[in-house]
Amino acid sequence: QVQLVESGGGLVQPGGSLRLACAASGSIFSINAMGWYRQAPGKQRELVAAIITRFGSTNYADSVKGRFTISRDNAKNTVYLQMNSLKPEDTAVYYCNVKGRTGLNLDALDAWGQGTLVTVSS
């Protein structure tokens, strides 16, 4: 079984910064990609940023390009999301996602964190 533990959400004023972290643990053979999604009230979950762990290549939603940075620590199976110049429209529950293979029969791994709330408000 694989567990994802997220941290770093909270309340911040517009223009402020937050850093989210998500640590994966458990029966993990390999992690191919890690990402952050968000879901605002009344809206569908959307991809915010993703990173291919082996190469470090990244992908961002247009709405966060230039403001958010995704990074990872492969040794710690941890992914980070540095969020700068936050806007009220960034308010959402942020979820991390990990894709790879489990240590049990090399089954496909597609795990989600419990979500962390980010509120941008004055």
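Residues numbered from 1 in each chain as written. Predicted model: local features only at pLDDT ≥ 70, side-chain atom pairs only at ≥ 80, totals over all residues. Heavy atoms only, no water.

Peer 1: Now, about the overall build of the protein chain: what can you tell me, with residues and values included?
Peer 2: Counting its regular elements, the protein chain contains 0 helices and 11 strands. Element order for the protein chain, N to C, with α for helix and β for strand: β-β-β-β-β-β-β-β-β-β-β. Its C-alpha atoms give the protein chain a radius of gyration of 14 Å, within 12% of the compact-globule value 14 Å for 122 residues. If one aligns the C-alpha atoms of the protein chain with their principal axes, the spans along those axes are about 50 × 25 × 25 Å. Looking at the protein chain residue by residue over its 122 residues, the buried ones come to 41%. (Helix = DSSP H or I, 4+ residues; strand = E, 2+ residues; numbered from the N terminus. Rg over C-alpha atoms; globule rule 2.2 N^0.38 Å. Buried < 20%, exposed > 50% of the residue type's maximum accessible area, 1.4 Å probe, protein only.)

Peer 1: How would you explain the sheet that holds strand β1 (residues 2-7) if you had to name every residue and give the values?
Peer 2: The 4 strands lie next to each other as β1-β3-β8-β7, forming an open sheet whose pairing is antiparallel. Two strands close off the open sheet at either side, each with one partner strand: β1 and β7 (68-73). If you compare each strand with its neighbour and ignore which way they point, the axes differ by 15° on average. Relative to strand β3 (residues 18-26), β1 runs antiparallel, the two sharing 6 bridges. Residue E6 lies in a different strand from β3, and its bridge partner there is C22. (Pairing = 2+ DSSP bridges. Axes fitted to C-alpha atoms, helices over the stretch in contact; angles between N-to-C directions.)

Peer 1: Outline the state of the cysteines, listing residues and values.
Peer 2: Applying the stated criterion to the full structure yields 1 disulfide. One disulfide bridge connects C22 with C96, the sulfur atoms lying 2.0 Å from each other. Remark: C96 occurs in strand β9 (residues 92-102) and C22 occurs in strand β3; sequence separation between them is 74 residues. Each member of the pair C22 and C96 is classed as buried. (Disulfide = S-S within 2.5 Å.)

Peer 1: Pulling in residues and values, what's your account of the pairing of strand β11 (residues 116-120)?
Peer 2: The two faces of β11 differ: T116, V118 and V120 on one face are buried, but L117 and T119 on the other face are not. Looking at chain direction, strand β2 (residues 10-12) and β11 are connected through 3 bridges and run parallel. Across the sheet, residue L11 finds its bridge partner in β11, namely T119.

Peer 1: With reference to specific residues and values, describe the pattern of salt bridges.
Peer 2: Counted by the stated rule, this structure contains 5 salt bridges. When the shortest N-O distance is used, the salt bridge between D90 and R38 registers 3.0 Å. Taken together, the residues span a long stretch of sequence, with D90 in the loop between β8 (78-83) and β9 and R38 in strand β4 (residues 28-39) at a distance of 52 residues. For D110, the salt bridge is made with K99, and the minimal N-O distance between the two is 3.7 Å. Residue D110 is located in strand β10 (residues 108-112), and its partner K99 is located in strand β9; the two are separated by 11 residues in the primary sequence. By relative accessible area, which is 48% here, D110 ends up partly exposed. One continuous salt-bridge network, built from bridges that share partners, spans R38, E46, R67 and D90. (Salt bridge = Lys/Arg side-chain N within 4 Å of Asp/Glu carboxyl O.)

Peer 1: Give a detailed account of the pairing of β3, specifying residues and quantitative values.
Peer 2: As judged from the 6 bridges shared by β3 and β8, these two strands associate in the antiparallel manner. Paired with A23 across the strands is T78, a residue of β8.

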